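Here are the chains, one letter per residue:
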Amino acid sequence: MNRVEFYRTLYRIRRFEERVEALFRAGKIPGFVHLYIGQEAVAAGVLAHYRPGDYLTSTHRGHGHALAVGVEPGSMMAELFGRSTGVCRGKGGSMHLFDPRRGMLGANGIVAGGIPIAVGAGLGLRLKGKEGVVFCFFGDGATGRGVFHEGLNLAALWKLPVLFVLENNLYASTTGFAESHAFHMEALVGAYGIPYRAVNGQDVEAVYLATEELLQVVRAGGGPAFLEARTYRFKGHYVGDPERYRKREEAKGFPDPLVLYRERLLALGVSETTLKSLEESEERLLDQAVEFAEASPWPDPAEALEDLFAEPTRNYPWEGA
Amino acid sequence: MREITFAEATREAMEEEMARDPRVFLMGEDIAKQGGVFGQFRGLAERFPGRVLDTPISEPTLVGATLGASLVGTRPVLDIHFADFLLLAMDELINQAASLRYMSGGRLQVPLVIRAPDGALRSAGAHHSKSLEALFLHLPGFKVVAPATPKDAKGLLKSAIRSEDPVLYLEHKALYSRKGPVPEGEVLTPLGQAEVLREGRDLTLLSYSLTLHKCLEAAGLLEAEGIFAEVVDLKTLYPLDWDTVLASAAKTGRVVVAHETWRFLGPGAEIAATLEEKLWSRLKAPVHRVGAAHVPIPFSPPLEKRVIPQVADILKAAKEVMAWR
């Protein structure tokens with residue numbers, strides 16, 4: 001357990017996201033963005049277990065997962081800016097970050113869209129005789145989709161190496177979980193025979209340890225496992241969300257994972273100097289990421305017609321009209 | 001040359017590709033023990049243990065999971081019972097499988113084949129009779145193939161499995177029992193290539209899948225009346241082989257496009273519009289389209305026959321095109 005690295009991941013995600021919010025409000029990031037602020041300990045604690053050969057699927061709120069798994073912040077920021085140097089050459093954007101070099105099979109604009117893909121990646125790993133696992137992140141809203149239930153069934157039936165990670169932040173867009181779901185999560189997951197753990201999603205070490213325990217089953221070939229991280233998004237569903245659906249007091253039940261962990265590290269004897277120096281180094285890295293994105297060229301409009309297929313097709317100009 | 005059925009050719013393709021490439025696997029409902037809803041894959045599960053998988057009835061997850069498996073370096077072939085059931089999985093097909101390579105700026109590869117039997121056969125009714133290619137041609141990201149002959153059933157399936165891109169492989173249910181010549185040994189039909197099956201000077205009949213055979217029959221009847229029709233098997237609907245289409249249309253100047261899917265906004269509409277844009281001055285008549293009437297496919301045999309294009313409909317369109325001065 002590398003505590004300083006936990007803190008680095010938490011800090012990187014938080015400060016990346018704060019920059020994204022400011023840059024979005026300044027009109028520099030097109031489209032719209034969903035921030036991970038408040039939930040950082042989930043990505044940091046789970047993905048500290050990522051090994052090369054593992055895969056993950058993410059959600060529309062995917063910046064945290066991408067950063068935690070090591071996607072390079074500069075090419076990620078450039079993607080958010082829509083630049084040609086972006087990790088997807090400007091074709092994905094905030095909600096659709098892919099980087100197979102880091103096992104990242106995609107943030108996904110469709111709620112629960114990553115679940116069947118994760119199950120299939122687990123199937124592919126097993127058919128190839130590979131050892132990796134698939135981290136499948138989704139929110140509470142995804143549990144209303146049919147593919148969530150189908151995916152649990154298939155993963156359990158075929159004992160696939162998938163760790164399902166539910167980030168329960170209480171709201172599917174603006175509708176409360178309890179208002180829109182009749183089932184009890186632990187009982188539901190138990191009905192599929194899948195091991196289940198709930199954890200305080202604001203505490204990175206608790207998340208790390210719960211993940212470690214569940215992964216012992218998954219990595220040993222015992223089939224899928226399910227982690228429910230109870231967490232809270234400190235910002236709206238998207239930047240600009242007027243947030244009329246929730247009360248400010250509700251957030252009090254969810255301590256800031258970054259503040260919480262900084263205090264714990266200091267109490268454990270990590271020096272203020274160590275933390276300050278880590279923070280400064282992250283600030284520089286993230287400043288450089290923004291500078292890189294801003295200095296990067298827009299894609300050539302001709303690139304809009306590239307990347308549909310791997311194999312070249314004959315060029316009939318009227319199809320690209 | 002030996003003659004085998006369309007179903008036997010399909011099975012040979014699957015078996016040869018699974019033997020050739022250990023990354024290829026097959027999954028679907030009733031595919032392992034039953035050998036598929038039409039029995040076309042019987043015995044494969046015994047020959048390739050662990051690589052032919054029976055699944056629950058979960059089409060969205062089956063499409064999404066084969067997509068996921070393709071992303072990590074396997075080459076899945078997913079069998080969907082009936083093309084109609086593709087509609088259950090449209091998110092996974094279109095938002096995901098068709099789009100991920102593009103959305104990732106080419107970082108992801110999606111070597112995925114989805115097989116789906118389509119078309120009307122013996123009053124299966126509206127939920128088991130549809131031909132849905134137009135949807136997958138309209139929405140970018142799938143290569144769409146529709147073999148008409150046993151030779152191409154083998155050659156196109158093999159090419160589809162070897163393709164690095166998602167391929168929707170549509171086979172008309174009425175073709176399974178149809179026999180035709182298939183050479184021994186390797187048969188590969190390239191994706192994106194049409195073939196002139198019958199040469200003619202007076203008009204061009206463009207078609208594919210089962211309707212191609214109706215066009216060939218119509219061409220025979222027309223010849224008896226002294227009209228020589230050229231018949232082109234499109235085979236791959238995307239990417240469409242415009243070179244062959246334009247060449248034949250330019251040669252005859254009169255074109256009928258015939259397909260079993262609905263005429264309204266069907267592939268024939270796109271082909272007709274493009275031919276008129278590209279060959280306006282060389283066409284001797286407006287391009288005519290033959291396709292299903294704009295209703296769900298009805299159950300009762302005379303109703304089904306009324307809605308699905310018949311040889312007589314192709315003949316009628318051909319004569320209208322020929323009558324144009």
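Think of each chain on its own: its residues are numbered from 1, step by step along the sequence as written. To label them, take the chains in the order written and letter them from A, then take the ligands in the order written and number them from 1. Confidence filtering applies because this is a predicted model: local features only for residues at pLDDT of at least 70, side-chain atom pairs given and counted only at 80 or more, and all residues used for totals across whole chains, interfaces and linings.

Engineer: Which parts of the structure should I look at to understand the overall build of chain B?
Structural biologist: A count of helices and strands for chain B gives 12 helices and 14 strands. Its C-alpha atoms give chain B a radius of gyration of 19 Å, near enough to 20 Å, the size a compact globule of 325 residues would have. Dimensions of chain B along its principal axes, counting C-alpha atoms only, are 60 × 40 × 40 Å. Remark: C-beta atoms are placed from the backbone, and a residue is labelled buried if 20 or more other C-beta atoms sit within 10 Å of its own, exposed if 12 or fewer do, or partly exposed between those counts. The 325 residues of chain B split such that 56% are buried. Taking all contacts inside chain B whose residues are at least 6 apart in sequence as the whole, residues at least 24 apart take part in 78%. Elements are defined by DSSP. Helices are runs of H or I of four residues or more, strands are runs of E of two residues or more, and each kind is numbered from the N terminus. Here the radius of gyration uses the C-alpha set of atoms, whereas the globule reference equals 2.2 Å times the residue count to the power 0.38. Note that contacts rest on C-beta atoms placed from the backbone: two residues are in contact if these are within 7 Å.

Engineer: It is not clear to me how the overall build of chain A should be interpreted in this structure. Could you clarify?
Structural biologist: Tallying secondary structure elements over chain A gives 11 helices and 7 strands in all. Here the C-alpha radius of gyration of chain A, 20 Å, is about what a compact globule of 321 residues would show, namely 20 Å. Along the longest, intermediate and shortest principal axes, the C-alpha atoms of chain A span 55 × 50 × 40 Å. The buried share of chain A, taken over its 321 residues, is 50%. Long-range pairs, those at least 24 residues apart, make up 75% of the contacts in chain A between residues at least 6 apart in sequence.

Engineer: Please explain the sheet that holds strand E6 (residues 143-145) of chain B as it appears in this structure.
Structural biologist: Strands in a sheet are paired, the pairing made by backbone hydrogen bonds, and the direction either parallel or antiparallel. Residue and element names in this part refer to chain B. When DSSP finds two or more bridges between a pair of strands, those strands are recorded as paired. Pairing is mixed across the open sheet formed by 7 strands, whose spatial order is E3-E2-E4-E5-E7-E6-E12. Each edge of the open sheet is held by one strand with a lone partner, namely strand E3 (52-54) and strand E12 (236-238). The sheet shows a mean angle of 20° between the axes of neighbouring strands, direction not considered. Judged from the 5 bridges that link them, strand E2 (residues 24-28) and strand E4 (residues 75-79) form a sheet pairing that is parallel. Bridge pairing in E4 links Leu26 to Val77. Lines fitted to C-alpha atoms define the axes, with helix axes restricted to the stretch in contact, and inter-axis angles between N-to-C directions lie between 0 and 180 degrees.

Engineer: Explain the packing of helix H1 (residues 3-25) of chain A against helix H11 (residues 272-295) of chain A here, please?
Structural biologist: Packed helix pairs are characterised by how far apart their axes lie and by the angle those axes make with each other. Residue and element names in this part refer to chain A. Between H1 and H11, the shortest axis-to-axis distance is 10 Å and the interhelical angle comes to 40°. Comparing the axis directions of H1 and H11 gives the class oblique. The hand of the H1/H11 crossing is right-handed. Note on element contacts: H11 touches H1 through Thr274, Leu275, Leu278, Glu279, Glu282, Glu283, Leu286 and Val290, opposite Val4, Tyr7, Arg8, Tyr11, Arg12, Arg15, Phe16, Arg19 and Leu23. Side-chain classes are defined by residue name, with Ala, Val, Leu, Ile, Met, Phe, Trp, Tyr, Cys and Pro counting as nonpolar, Asp, Glu, Lys and Arg as charged, and the others, Gly among them, as polar. Split by residue class, the contact of H1 with H11 holds 9 nonpolar, 1 polar and 7 charged. Should an angle fall under 35 degrees it is taken as roughly parallel, and over 145 as roughly antiparallel, whereas 65 to 115 is taken as roughly perpendicular and any remaining angle as oblique. Left-handed describes a crossing in which the near helix is turned anticlockwise from the far one by less than a right angle; the clockwise case is right-handed.

Engineer: Sorry if this is basic, but what is going on with the sheet that holds strand E11 (residues 229-233) of chain B here?
Structural biologist: Residue and element names in this part refer to chain B. A sheet is described by the order of its strands in space; here 5 strands give the open sequence E9-E11-E10-E13-E14, paired in mixed fashion. Each end of this open sheet is capped by a strand with a single partner; those strands are strand E9 (195-198) and strand E14 (288-292). The mean inter-strand angle of the sheet, taken between neighbouring strand axes irrespective of direction, is 25°. Summarising the sheet, E9 and E11 pair through 3 bridges and their orientation is antiparallel. The partner of Val196 across the bridge, within E11, is Val232. On top of the sheet, helix H8 (residues 209-224) reaches E9, strand E10 (203-207), E11 and strand E13 (255-262); it is set at about 145° to E13, its chief contact. Lying over the sheet, helix H12 (residues 311-323) contacts E10, E11, E13 and E14, oriented at roughly 165° with respect to E14.

Engineer: Sorry, what's going on with the environment of Leu197 of chain B here?
Structural biologist: Residues and elements named next belong to chain B. Within the fold, Leu197 resides in strand E9. Residue Leu197 is classed as partly exposed on the basis of its 18 C-beta neighbours within 10 Å. Taking the C-alpha atoms as reference, Leu197 lies 33 Å from Ile31; in sequence the two are 166 residues apart. The residues touching Leu197, leaving out its near neighbours within four places in the chain, are Leu216, Val231, Val232 and Asp233.

Engineer: Help me understand the pairing of E14 of chain B, please; the structure alone is not making it clear to me.
Structural biologist: As a general feature of sheets, a regular strand has side chains that alternate between the two faces. Most of E14 of chain B is tucked away: 5 of the 5 residues are buried. Whether a crossover is right-handed depends on one test, that the path from the first strand over the helix to the second runs clockwise when the strands point away from the viewer. In this fold, E13 of chain B hands off to helix H10 (residues 267-279) of chain B, which returns the chain to E14 of chain B; that crossover is right-handed.

Engineer: How do you make sense of the nonpolar core when you look at a structure like this?
Structural biologist: Across soluble globular proteins, you tend to see nonpolar side chains buried next to one another. What we call a nonpolar core is a set of buried Ala, Val, Leu, Ile, Met, Phe, Trp, Tyr and Cys residues whose membership is set by joining through C-beta atoms within 7 Å. Core analysis: the biggest nonpolar cluster contains 184 residues, and Cys136, Leu163, Val165 and Leu227 of chain A together with Leu205, Val256 and Ala318 of chain B have the highest contact counts within it. By convention here, the domain bounds are inherited from an automatic or database domain assignment. Domain assignment of the residues forming this core places at least three in each of domain 1 (3-181) and domain 2 (195-323) of chain B. With sequence-adjacent residues up to four places away left out, Val256 of chain B is seen in contact with Leu203, Leu205, His288, Val290, Ile314, Ala317, Ala318 and Val321 of chain B. Listed in part, the 5 residues of the second largest apolar core include Ala120, Trp262, Ala292 and Ile308 of chain B.

Engineer: Honestly, the interface of chain A and chain B in this entry has me stumped. Any pointers?
Structural biologist: Interface extent is often summarised as the accessible area lost during association of the parts. Taken together, the 39 residues of chain A in the interface contact 39 residues of chain B. Only helix H5 (114-128) and helix H6 (146-157) of chain A provide two or more residues apiece to the side of chain A that touches chain B. Considering each element in turn, the side of chain A that touches chain B owes the most residues, 11 residues, to H5 of chain A.

Engineer: So what exactly am I meant to see when it comes to the domain arrangement of chain B here?
Structural biologist: Residues and elements named next belong to chain B. Partitioning chain B into domains gives domain 1 (3-181) and domain 2 (195-323). Distance between the C-alpha centres of domain 1 and domain 2: 26 Å. Contacts between the two partners involve 25 residues from domain 1, matched on the other side by 23 residues from domain 2. Counting only elements with at least two residues in the side of domain 1 that touches domain 2, the list comes to helix H6 (133-138), E6, helix H7 (150-162) and strand E7 (167-172).

Engineer: What should I look at first to understand H1 of chain A in this one?
Structural biologist: To estimate the expected span of a helix, count its residues, drop one, and scale the result by 1.5 Å. The end-to-end C-alpha separation of H1 of chain A is 33 Å, in line with the 33 Å expected for 23 residues at 1.5 Å each. A positive backbone phi angle near 80° is found at Gly27 of chain A, which sits one or two residues after H1 of chain A.

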